[in-house]
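# What the coordinates show
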Amino acid sequence: MTTCSLSFPPQINLASLPTPMQPLRRLSQKLGVELYIKRDDLTGAALSGNKIRKLEFILAEALGQKADMLITCGGAQSNHCRATAIACAMLGLNCRLLLRTPDPSNPPPVEGNILLDRMAGAEIVWISPDEYLKRDELMAQEAAALQADGRKPFVIPEGASTSLGALGYVRATEELVNDITNNLGGARQPCTIICAAGSGGTTSGLILGAKIFDVNARVAGVNICDDRDYFVRAIGDICEQAVADFNLDIEFDRHQDIDIIDGYVGRGYALSRTEELQLIKEVAQTEGIFLDPVYTGKAFYGVVEELKRDPKCFGERVIFIHTGGIFGLFPKAQEMVGVL
Ligand SMILES: *Cc1c(COP(=O)(O)O)cnc(C)c1O
């Protein structure tokens, strides 16, 4: 086991860890490469997915500051907002979510993640896509108003993708090193670790973790919105901030170390193509694993398309990080039925 120069800041235990690493036997055979899946969709039941790994660090900081309310933001079906709402309920904190929807005066139905947000007791403020562009300002205003009222609000930026949040995936890399040693025939065998990139925190943590723990792996993110340039900027900023904040003893170069597989945004954020939904169905039917339509389904579609072009484009072994998102399937039930 490699030693680590980083002494981690406080963390609270909310996720069920370590998550399993499993082979995708039938898909491996079909695609001609060893495919594994890291089941971060199993970090909990309702509190599942990648966001809880980041929140373990961020909520420790919030509790350290004696916060009594968390404020965060996302799309209407945000997994991050749902995880925050549930974590707040577990910790006895209040929660306010700024959720984006095309017409705030006519909010979307209470289903999927929104149902869980509401059941966990989160307050929802609906905001328009234009307002969402100024989300950081809006959250700061909400916080200032609450503070003036004697409350102790704490703001979590979109996706919990801060330098502190990224440590959740530095920690996950420690798990991956064990998985690789125990299941993949040894840590010195090269592999490619792939995840969906949405706000970039997960990819950032994996890039930093691979360097810190000297993992013999290529780390790549499949962007599910925006483009490569956007993510080189977003991930570059998070990683550079983390190197500075935590005095990381590594070399990081945003122009060399960030590997984005662009070309699979499809119809746009949270919009599905038939072929993406068909792949989600195929993975459910052949492996018993449910990918989500917004992140993992899109990213895994990208992985499969790349492998179809060249089965060895990622080397011999691929680890796909299943970052969760199952509740996003339910609002898409009607679309999904169309491909069953
Ligand atoms: C948020 C999310 C991602 C993307 O992670 P980032 O750290 O925001 O890049 C991937 N998959 C699921 C299911 C998510 O909810």
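Scroll up for the structure.
Quick look at the structure, then. (Residues numbered from 1 in each chain as written. Predicted model: local features only at pLDDT ≥ 70, side-chain atom pairs only at ≥ 80, totals over all residues. Heavy atoms only, no water.)

### Some details on the sheet that holds strand β10 (residues 317-321)
- Strand order in the open sheet made by the 6 strands is β1-β2-β10-β7-β8-β9, with mixed pairing throughout. The open sheet is flanked by β1 (21-23) and β9 (260-261), the only strands paired with a single partner.
- Looking at chain direction, strand β8 (residues 217-223) and β9 are connected through 2 bridges and run parallel. Along β9, the bridge assignment pairs V222 with I261.
- Sheet contacts for helix α8 (residues 201-212): β7 (191-197), β8 and β10; angle to β7, the most-contacted strand, approximately 155°. (Pairing = 2+ DSSP bridges. Helix = DSSP H or I, 4+ residues; strand = E, 2+ residues; numbered from the N terminus. Contact = heavy atoms within 4.5 Å. Axes fitted to C-alpha atoms, helices over the stretch in contact; angles between N-to-C directions.)

### Here's the deal with the packing of aromatic side chains
- Evaluated as defined, the whole model comprises 5 aromatic pairs.
- Sitting above the plane of the Y295 ring, K51 keeps its charged end 5.4 Å from the centroid.
- One residue, R100, lies across the ring of Y132, its end atom 4.6 Å from the ring centre. (Phe/Tyr/Trp six-rings, centres within 6.5 Å; stacked < 30°, edge-to-face > 60°. Lys NZ or Arg CZ within 6 Å of the ring centre and 35° of its normal.)

### With respect to the site of the ligand
- Taken together, 17 residues sit near the ligand, with K51, K54, S199, T202 and T323 positioned nearest.
- The side chain of T202 places a nitrogen or oxygen atom 2.7 Å from an oxygen atom of the ligand.
- Here the ligand, which alone exposes 380 Å², has 98% of that area covered by the protein.
- Elements supplying a minimum of two residues to the shell around the ligand: α2 (51-64), β7 and α8.
- The residue makeup of the shell around the ligand, split by class, is 3 nonpolar, 11 polar and 3 charged.
- Of the residues that make up the shell around the ligand, three or more belong to each of domain 1 (21-49 + 162-337) and domain 2 (51-160). (Near = heavy atom within 4 Å. Polar contact = N/O pair within 3.5 Å; in protein donor to acceptor, adjacent residues only side chain to side chain. Areas by Shrake-Rupley, 256 points an atom, 1.4 Å probe, with all protein chains shown as cover. Nonpolar A, V, L, I, M, F, W, Y, C, P; charged D, E, K, R; others polar. Domains from an automatic or database assignment.)

### As for the nonpolar core
- L35, F300 and I319 are the most contacted members of the largest nonpolar core, which totals 102 residues.
- Residue contributions to this core peak at 8 residues, all from helix α7 (residues 163-183).
- Split by domain, the residues of this core number at least three in each of domain 1 (21-49 + 162-337) and domain 2 (51-160).
- Leaving out residues up to four positions away in the same chain, L35 has contacts with Q22, P23, L24, L27, S28, F300, L307 and V318. (Core = buried A, V, L, I, M, F, W, Y, C linked by side-chain atoms within 4.5 Å. Buried < 20%, exposed > 50% of the residue type's maximum accessible area, 1.4 Å probe, protein only.)

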